[in-house]
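Notes for the structure review
For reference, the chains in residue letters:
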Amino acid sequence: MISAVAPTRSRYGLPLDVRYCRRCTISNQRPSSTIEFRATAADRKETIHFSDDGLCDACRWFEMKVDIDWVERDRQLRDTCDQFRRTDGRYDVLVPGSGGKDSIYVAHLLKYRYGMHPLTVTWPPMLYTSAGRRNFDAWLASGFANYTLWPDRKVHRLLTQLAFRNLVHPFQPFIIGQRNVAPRIAAMMDIPFIMYGENQAEYGNKISENRRPKMDAAFFTQERDLHNTLLGGVSAHDILRDHKLQPNDLEAYLPIDPAVLERSPIEVHYMSYYVPWHPQEVYYYCVEQTDFLPNDTRTEGSYSKYSSIDDKIDWLHYYTTHAKFGIGRATYDTSQEIRNGDLTRDEGVRLVRRFDGEPPRKHLAAILDYLDMSESTFHDTIDAARPDHLWTTGSDGRWTLRQPIWAAA
Ligand SMILES: [Zn+2]
């Protein structure tokens, strides 16, 4: 007799047994960063690792960070800057960003503390909020030139629609372009040094990734192959054929050919490797040093006013992560703030219960117009992405989490 082994992983490869970190609010459903141009709807995601005693890797990493010698890290950054600094009037470091607090902070530190000559580059939000646009201007007003690569809006809209329909991941074209823009412009302008802000591994990718100052080039390079480069889950080859586009229409979204980087070697570093990274402190720094301002109102789906406030698509991104993984924006915000000592876990759980998965209203009309979609199709698309092990509906048809953090032991 063949006995079936009960599966332990569900749709998207998520663990069937939902667990919450005992210190923060993150669950074991959190997916790690992926290489977007290979993502398909059938992907099995890697998820955050939990220790046997119930601590998530992000919290474990936070404990390990107390042993980091920040004076030594500062020395390493000074050495790296000395290696790349130019005295002939040319730019020597690229800082990518859209004018959020992280990119303002990094550019400001490099120029005013480390004596570098940064050029800032931007892959702009699809639908800039007024707060986002205002902070972008404040960034440049604090002493920076900027190259912005404006995408073909027709193509970008098409790719956003594909990514939403096929992957329920409307933010994907932004993420792809954002990872490509700096290396692409760095190669064009012969600037071999790029500095990002925070390494996403701080939030629970493999802990070992935090021990390196540099980004894995796999996130932005691949041999040119239109059949095996996916956008919105569809091959670039098929998109060109089906929508009668030319290869140059997709250029900004295609990973960079390794041959380009062989001719123009580039190092991509994270500032969070070199300086202690506390998002609230980064925010305070920006308010003190520049005209950066928080949002007038809290962000829908959370309680925060100062992070990820520049794109109207942003709240939709977190609304979809809440549907797919049970993790909304309030979970991401509180887990980080608990680790940094800005909130207690009890406060965090209450905020998650109150705000996570809040139905989006403010920008809904703009988003539906952008997606060219009716509101009912929009909700049907999101609801179809809810895994059975996370969600159930009552007799009133309302979706509720089966195992929310406030009901967990
Ligand atoms: Zn944790």
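Since this is a predicted model, take the numbers as computed values, not measurements.

1. Examining the overall build of the protein chain
- From N to C terminus, the protein chain includes 15 helices and nine strands.
- Split into buried and exposed, the 409 residues of the protein chain put 42% on the buried side.

2. A short note on unusual backbone geometry
- If you check the backbone angles, Asp190 has positive phi at about 55° while not being a glycine.
- Considering the arrangement of structural elements, one finds Asp190 in the loop between helix H6 (172–189) and strand E4 (193–196).
- Asp190 sits in the exposed class, given 10 other C-beta atoms within 10 Å.
- Despite not being glycine, Lys244 has its phi angle at roughly 50°, a positive value.
- In this fold, Lys244 is placed in the loop between helix H7 (236–242) and helix H8 (247–250).
- The class for Lys244 is exposed, based on 7 C-beta atoms found within 10 Å.

3. Some details on the nonpolar core
- Val93, Leu94, Val106, Leu110, Ile194 and Met195 are the most contacted members of the largest nonpolar core, which has 39 residues in total.
- Residue assignment for this core shows that the elements contributing at least two residues are strand E1 (93–96), helix H3 (101–112), strand E2 (118–122), helix H4 (130–141), H6, E4, strand E7 (267–270) and helix H10 (279–289).
- Sort the elements by how many residues they give to this core and H3 lands first, with six residues.
- Not counting residues up to four positions away in its chain, the partners in contact with Val106 are Val95, Met195, Gly197 and Met271.

4. Remarks on the pairing of E1
- Residues Val93 and Val95 point to one face of E1 and Leu94 and Pro96 to the other, with burial holding for every one of them.
- Where E1 lies against E2, four bridges are found, and the strand directions are parallel. From the neighbouring strand, Val93 faces E2, where its bridge partner is Pro118.
- A crossover links E1 with its parallel partner E2, the connecting element being H3, and its sense is right-handed.

5. A look at helix H12 (residues 329–339)
- Counting buried positions along H12 gives 11 out of 11 residues, so the element sits mostly inside the fold.
- Along H12, the residues that are buried comprise Arg329, Ala330, Thr331, Tyr332, Asp333, Thr334, Ser335, Gln336, Glu337, Ile338 and Arg339.
- Buried-residue contacts for H12 involve helix H1 (57–64), H10, helix H11 (313–325) and helix H13 (345–355).

6. Quick notes on H11
- Compared with the 18 Å implied by 1.5 Å per residue over 13 residues, the 18 Å span of H11 between its first and last C-alpha is a close match.
- Across the 13 residues of H11, 12 count as buried, placing the element largely inside the fold.
- Every buried residue of H11 is listed here: Ile313, Asp314, Trp315, Leu316, Tyr318, Tyr319, Thr320, Thr321, His322, Ala323, Lys324 and Phe325.
- Where H11 is buried, its residues contact H6, H12, helix H14 (364–371) and helix H15 (375–383).
- In the stretch just after H11, Gly326 is the one whose phi turns positive, near 75°.

7. Description of the packing of H12 against H13
- The interhelical angle for the contact between H12 and H13, taken along N-to-C directions, is 170°, at an axis separation of 9 Å. It follows that H12 is roughly antiparallel to H13 by the angle criterion. Where H12 abuts H13, its residues Ala330, Thr331, Thr334 and Ile338 lie against Arg345, Gly348, Leu351, Val352 and Phe355.
- Residue composition of the contact of H12 with H13, grouped by class: five nonpolar, three polar and one charged.

8. Examining the environment of Asn205
- Residue position: Asn205 is located in the loop between E4 and strand E5 (230–231).
- Put simply, Asn205 and His49 are 156 residues apart on the chain and 8.2 Å apart in space, counted from C-alpha to C-alpha.
- Contacts of Asn205, omitting those with residues within four sequence positions, involve Ser32, Ser33 and Gln200.

9. A word on the pairing of E4
- Going residue by residue along E4, you find Phe193 and Met195 tucked away on one face and Ile194 and Tyr196 tucked away on the opposite face as well.
- Relative to E7, E4 is paired through four bridges, and the arrangement is parallel. The residue of E7 that forms the bridge with Ile194 is Val268.

10. Digging into the environment of Met64
- As for its position among the elements, Met64 is in helix H1.
- Sequence separation between Met64 and Cys81 is 17 residues; the distance between their C-alpha atoms is 26 Å.

11. Side note on the environment of Ile176
- For Ile176, the location among the structural elements is in helix H6.
- Separated by 108 residues in the primary sequence, Ile176 and Ile68 have C-alpha atoms spaced 32 Å apart.
- What Ile176 contacts, discounting residues up to four positions off in sequence, is Glu36, Phe37 and Tyr253.

Rules and cut-offs
Residues numbered from 1 in each chain as written. Predicted model: local features only at pLDDT ≥ 70, side-chain atom pairs only at ≥ 80, totals over all residues. Helix = DSSP H or I, 4+ residues; strand = E, 2+ residues; numbered from the N terminus. Buried ≥ 20, exposed ≤ 12 C-beta atoms within 10 Å, placed from the backbone. Core = buried A, V, L, I, M, F, W, Y, C linked by C-beta atoms within 7 Å. Contact = placed C-beta atoms within 7 Å. Pairing = 2+ DSSP bridges. Right-handed = clockwise from strand over helix to strand, strands pointing away. Expected span 1.5 Å × (residues − 1). Axes fitted to C-alpha atoms, helices over the stretch in contact; angles between N-to-C directions. Parallel < 35°, antiparallel > 145°, perpendicular 65-115°, else oblique. Nonpolar A, V, L, I, M, F, W, Y, C, P; charged D, E, K, R; others polar.

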